[in-house]
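# Examination of the molecular architecture
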Amino acid sequence: MSDTAPNLLTVNALTKAYPGVVANSEVSFTIAEGEVHALLGENGAGKSTLVKMIYGLVRPDSGSMTLRGQPYEPSEPRAARASGVAMVFQHFSLFDALNVAENIALGMENPPPQRQLAGRIREVSETYGLPLDPESMVGNLSAGERQRVEIIRCLLQDPKLLIMDEPTSVLTPQEVDILFETLKKLSAEGTAILYISHKLEEIRTLCDSATILRLGKVVNTCNPREQTARDMAEMMVGETLHVPTREARDLGEVIVKVSNLSVSSENAFGTSLKDINFEVRAGEVLGIGGVAGNGQDELLSALSGETRAKAGAVHVKGKPVGDLGPNERRSLAILAAPEERLGHAAAPDMSLIENALLTGAIRENLTHRGFLKWDAVKAFADRVIESFDVRTPGARNAARSLSGGNLQKFVVGREVLQRPDVLVVNQPTWGVDASAAAAIRQSLLDLTSKGAAVIVISQDLDELMEISDRFAALNEGRLSDPRPAQGLTVDEIGLMMGGAHGMEVAHVDA
Amino acid sequence: MDLSQIDPILLITSIMVVSTPLLFAAIGEMVVEKAGVLNLGVEGMMIVGAIAGFAIAVESGSVIIGFVGAAVGGAILSLVFGILTQVFLANQVPAGLALTLFGLGLSALIGQPYAGIRPPQSTTLDVPLLSDLPVLGPILFQHDAMVYLSLFLVTATWWVLKHTKTGLIIKAVGENHEAAHALGYKVVKIRLLAIMFGGACAGLGGAYLSLIRVPQWTEGMTAGAGWIALAIVVFASWRPERVLLGAYLFGGIGALQLRLQAAGANIPVEYLSMSPYIVTIVVLVLISARKSNAGTAAPASLGKMFHATN
């Protein structure tokens, strides 16, 4: 269709520089009406900056854009929306304490009264197969439902161009299918979609064309249907990908045994863990999938010792540890790296040296009678930076100053280098670019070859399939029975994850 | 003690008078906190409003101009806080505390020549016929205009927050300033306006003390009313109708203890004077102990610094 359809948006030589880094350099591409256009690139390739310029959040230093032949220079998102450009954010721009209709009204220029708006929300949500109750509090919705709120907010404005920033990272396979149906329907109606994603298979099924960015420059354009995912990945990274290799290993004795673990969540919006059972053997990777917010954080806390359960709920090497705190578990070589990098895995305003000390003090012997051995701490921090290729001017820099991917390498590396017997990680490669992600996964596999038991909690199914020996899924705080990862189909995984979350209960009549 | 000396009708009318300054200050601070800003300078803005209103009323001879001046004075002082915290990104807690100390000092300085003077007389709003009703008349229809203004302000705040887009934007900014910014709302501007509204309300509350309730200027005359107003906002879990309830409850305890003192209650006066403050502490403890509700009531971005990154 892109051959005949007129051009909708033309981006011409856009450049945007920040102090010390050129985020976009002379970026040009065009999108036709009704076209689904992919924007591909690693972290830091400049995708976000580019779409922020199109959406009016960031002003370009130079270059121009035209929308339907007219010059287009949005000074703020409001102006972009008025011109028919809408955006669904990667980190949802929603308000937990407000209901669906209020959230949608906030994204509109002239929202109708609430009752009328609720009617229109129901109407649009039915037309596009996105069931949603306008009255429900956003804080109680699943990630998939939250995304629907964002999409419907955009659709109510009747957009000509819909920008979607990594929309599927939080969805189950079934939810992805529903989303794609919606997007195809929109595209058929003439709405162009600018689709940002790392997931190459998705782009191959959905998109008509792709622009590939690397280090702020357009390096290639292609028709994704005619390329293999591997080719596109290499265009993105600019080098040959290093896929982790799995050495054949003998599984040893059972190291971790979790039996009937139930923990009620401390957070009002959290999920309680219900009767969780599993075992992990020496040399094994247990992958735990599931849609975000189904008990991942709570499970990590229960395994790391942040929340305590009954002593017998968690056994490590036959020893009951369920009621021990994090430091007591660390001294038993049970380590964990939580998902939230800033504020949970690392203290944002402390240096990398201090952050290295915080979890490494016990295992690495970094204290002496209550005094800190700064030289040893510094050496440990440098070792993490060195071994995991953390890009920072030095260990004295604050954790906050690192980019997300680099900090992720640091927090995972810090635990891996402490030679754990049990390592629990949540989202180990979240926001990390492809080559660094491969390195992190490799380091987890290396641990298992030394006899450690590794539990990887992740929302990236490809990642889990790549490194797990067995796979289980969390759904509303319950864990499915772990099954061998090899040979699992996407459908089976989707069922383990609880199907399309909330799809059956559409609440449309509520 | 002779409880029969306490006339219930007079008690209720005096509760309304004692509560009105608290109500003004609390409803203003509630809007500020709804927008995600914690301004601990209520006490300072109240006392500056008290002296500004008093001085302007004395100089101009008009109570109404005095109240206008008090609102402007409170708003200007709050703008100092606003610029410090929203533009220069100062921490809100020390900035608010500093505002209180600054306000107390500034008001004492301005107030030097005004000690012992009587302000112009304010008139009560006697509604014909209605104010002659027995019981209801004195309770509902024989107050000064400011009492009605305070009640109107609570109703208006409730209506704006619940039914208008302006209210929705204020709540959105206080709930998640990053998201509000991403949607294109001017977080800093909205917060500055909310802070100034809070300052104006606190100023009115202070002037009500110096022009109507006492009516006289004495140094430090707010005597902790601003802190009670802050407690009322938390007590009310950020809801206007509960702010009204809270203000009348706290004011009621204050009015009652005065009556009990007058009636010669057999308790040391100091205990009675302490009672509103003790109730404040107890209520705050009870509310923070109620864990289930704590997560949902407070605006999620309350007291957090906002810095637009692009």
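Coordinates for the structure precede this section.
Residues numbered from 1 in each chain as written. Chains lettered and ligands numbered in written order. Predicted model: local features only at pLDDT ≥ 70, side-chain atom pairs only at ≥ 80, totals over all residues. Heavy atoms only, no water.

## Let's talk about the sheet that holds strand β15 (residues 319-320) of chain A
Residue and element names in this part refer to chain A. Read from one edge to the other, the open sheet built from four strands follows the order β12-β11-β14-β15, with strand pairing classed as antiparallel. Looking at the sheet topology across the chains shown, the edges are occupied by β12 (273-281) and β15. Alignment of strand β11 (residues 254-263) against β12, held across six bridges, turns out to be antiparallel. Within β12, the residue paired with leucine 261 across the bridge is isoleucine 276. Strands β11 and β12 of the sheet are contacted by helix α9 (residues 296-304), whose axis makes an angle of about 60° with β12. (Pairing = 2+ DSSP bridges. Helix = DSSP H or I, 4+ residues; strand = E, 2+ residues; numbered from the N terminus. Contact = heavy atoms within 4.5 Å. Axes fitted to C-alpha atoms, helices over the stretch in contact; angles between N-to-C directions.)

## Quick word on the packing of helix α1 (residues 8-34) of chain B against helix α6 (residues 145-163) of chain B
Residue and element names in this part refer to chain B. Here α1 crosses α6 at 25°, and the two axes come no closer than 9 Å. By the angle between their axes, α1 is roughly parallel relative to α6. The handedness of the crossing between α1 and α6 is left-handed. The residues of α6 that touch α1, namely those facing Met16, Thr20, Leu23, Phe24, Ile27, Met30, Val31 and Lys34, are Met146, Val147, Leu149, Ser150, Leu151, Leu153, Val154, Thr157 and Leu161. Here the residues of the contact of α1 with α6 sort into 13 nonpolar, three polar and one charged. (Parallel < 35°, antiparallel > 145°, perpendicular 65-115°, else oblique. Left-handed = near helix turned anticlockwise from the far one by under 90°. Nonpolar A, V, L, I, M, F, W, Y, C, P; charged D, E, K, R; others polar.)

## As for helix α5 (residues 143-155) of chain A
Residues spaced three or four apart along an α-helix face the same direction, because each turn holds 3.6 residues. With 13 residues, α5 of chain A extends 18 Å from end C-alpha to end C-alpha; this agrees with the ideal 18 Å at 1.5 Å per step. For α5 of chain A, the buried fraction is high: 13 of the 13 residues fall into the buried class. (Expected span 1.5 Å × (residues − 1). Buried < 20%, exposed > 50% of the residue type's maximum accessible area, 1.4 Å probe, protein only.)

## A few points about helix α12 (residues 374-387) of chain A
Residue and element names in this part refer to chain A. Taking 1.5 Å of rise per residue, the 14 residues of α12 would be expected to cover 20 Å, and the 20 Å separating its terminal C-alpha atoms lies within 8% of that figure. Among the residues making up α12, those that are buried are Val377, Phe380, Ala381, Val384 and Ile385. Buried residues of α12 fall within an arc of 135° about the axis and therefore sit on the same side. In α12, those exposed residues whose orientation departs by more than 90 degrees from the buried face are Asp375 and Glu386. Of the surrounding elements, those touching the buried residues of α12 are α11 (352-360) and α13 (404-416). (Arc of directions from axis to C-beta.)

That's the geometry; what it means functionally is another story.
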